[in-house]
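This is what each chain is made of:
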Amino acid sequence: MQVVSIRDVHIGEGIPKIIVPLMGKKEENLLLEIREILQTEPDIIEWRVDVLEEVENIAAVKQTLSAIRKELYPIPLLFTFRSHREGGNKIITDAYYKQLLEEVSQTNDVDLLDVELFSPHVNEIVETAKNNHVTIVMSNHDFEKTPAKEEIVWRLRKMQELGAHIPKIAVMPKTPEDVLTLLDATYTMHTLHADRPIITMSMASTGLISRIAGETFGSAATFGSGKEASAPGQIPVNELRNVLGILHKNMR
């Protein structure tokens, strides 16, 4: 199992790493939000750029990105534009999605880049990111249902085949049985197929257990809410860290 290391953060080793989203609509809001989040000592910060009001202006995105990078360094930064089809806040063309991610990869201000599995330009985006030494978190989000175990494993394996450093999937449960499906798929992927860290989660309150049980089933990171949650089921960082710490201490 490979460990993905970004400065002092080692994903795939020890206790699951905590990722906290930035959800501000403007640069000034984001900078204030960062100062609050830094007090929670996150392992990684994710910028959900699809929330930004000026997201369709690449120059503005880069300017804001530079300001964010200076404010939070050396904490690793995950850059995410969540597409509307996977629960994001903005509808953009596939061409602009490709342009945005590729240009951001070339700025040296991003440590990790979220690339959606079903983007039609996934191969080109991955190549550009790797050429610029950016870690790829390849993702898939299903806000409608929980696919069958075999489908979840297939998607994670496909991400691995496409060159993701960290495959990630989030699904919506309708019943507790759906949560078991996600956890079973996670364990199967982790033990039988993965040669690198993976991130999985079942969303909403029903899936909460999946956000804290990663160390047991094989998910290497989890998302906790800072000022605002980026997906249903996220819990505040401090509460999440306490629970993860209790589990980690007693699993030894």
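Preceding this paragraph is the structure being described.
Residues numbered from 1 in each chain as written. Predicted model: local features only at pLDDT ≥ 70, side-chain atom pairs only at ≥ 80, totals over all residues. Heavy atoms only, no water.

Novice: Can you explain the pairing of strand 9 (residues 199-202)? Please cite residues and give values.
Specialist: Burial along strand 9 is two-sided: Ile199 and Met201 facing one way and Thr200 and Ser202 facing the other are all buried. Relative to strand 9, strand 8 (residues 166-171) runs parallel, the two being bridged by four bridges. In the strand pairing of strand 9, lysine 168 is matched with isoleucine 199. Running through helix 6 (residues 176-193), the crossover from strand 8 to the neighbouring parallel element strand 9 is right-handed. (Buried < 20%, exposed > 50% of the residue type's maximum accessible area, 1.4 Å probe, protein only. Helix = DSSP H or I, 4+ residues; strand = E, 2+ residues; numbered from the N terminus. Pairing = 2+ DSSP bridges. Right-handed = clockwise from strand over helix to strand, strands pointing away.)

Novice: Before we move on, could you go through helix 9 (residues 237-251) and cite the residues and values that matter?
Specialist: For helix 9, with 15 residues, the first-to-last C-alpha span of 21 Å sits near the 21 Å given by 1.5 Å per residue. Among the residues making up helix 9, those that are buried are Val237, Leu240, Leu244 and His248. Burial along helix 9 is one-sided: seen end-on, the buried residues are contained in an arc of 60 degrees. Along helix 9, the residues that are exposed and aim more than 90 degrees away from the buried face are Asn242, Ile246, Lys249 and Asn250. Here the buried face of helix 9 lies against strand 3 (17-22), helix 7 (208-212), helix 8 (214-217) and strand 10 (221-223). (Expected span 1.5 Å × (residues − 1). Arc of directions from axis to C-beta. Contact = heavy atoms within 4.5 Å.)

Novice: Now, about the environment of glutamine 234: what can you tell me, with residues and values included?
Specialist: Of note, glutamine 234 is situated in the loop between strand 10 and helix 9. With 80 residues separating them along the chain, glutamine 234 and tryptophan 154 place their C-alpha atoms 25 Å apart.

Novice: How would you sum up the pattern of salt bridges? Please name residues and give values.
Specialist: A full pass over the atoms with the stated rule returns 15 salt bridges. The partner of arginine 82 in a salt bridge is aspartate 114, with the nearest N and O atoms 2.9 Å apart. One end of the pair, arginine 82, is in the loop between strand 5 (77-80) and helix 3 (94-105); the other, aspartate 114, is in strand 6 (residues 112-116), with 32 residues separating them in the sequence. Note that glutamate 116 is salt-bridged to arginine 82, the shortest N-O span being 3.0 Å. Pair noted here: glutamate 116 is in strand 6 and arginine 82 is in the loop between strand 5 and helix 3, with a separation of 34 residues, a long-range link. Assigned by exposure class, glutamate 116 and arginine 82 land together as buried. Each of Arg7, Arg69 and Asp111 takes part in one network of salt bridges that share partners. (Salt bridge = Lys/Arg side-chain N within 4 Å of Asp/Glu carboxyl O.)

Novice: Got a sec to walk through the sheet that holds strand 3? Specific residues and values, please.
Specialist: Strand order in the open sheet made by the eight strands is 9-8-7-6-5-4-3-10, with parallel pairing throughout. Of all strands in the sheet, those with a lone pairing partner are strand 9 and strand 10, marking the two edges. Between one strand and the next, the sheet's axes are offset by a mean angle of 25 degrees, whatever the strand orientation. Pairing analysis gives five bridges linking strand 6 to strand 7 (residues 135-142), with the strands arranged parallel. Looking across to strand 7, one finds that glutamate 116 is bridged to serine 139. (Axes fitted to C-alpha atoms, helices over the stretch in contact; angles between N-to-C directions.)

Novice: Any details on the pairing of strand 7? Residues and values, ideally.
Specialist: With eight of its eight residues buried, strand 7 lies for the most part within the structure. Because side chains alternate across strand 7, one face comprises the buried residues Thr135, Val137, Ser139 and His141, and the other comprises Ile136, Met138, Asn140 and Asp142, equally buried. Each parallel crossover has a hand, and the one from strand 6 via helix 4 (residues 122-131) to strand 7 is right-handed. Pairing analysis gives six bridges linking strand 7 to strand 8, with the strands arranged parallel. Bridge pairing in strand 8 links histidine 141 to alanine 170. One crossover worth recording links strand 7 to the parallel strand 8 by way of helix 5 (residues 149-161), and it is right-handed.

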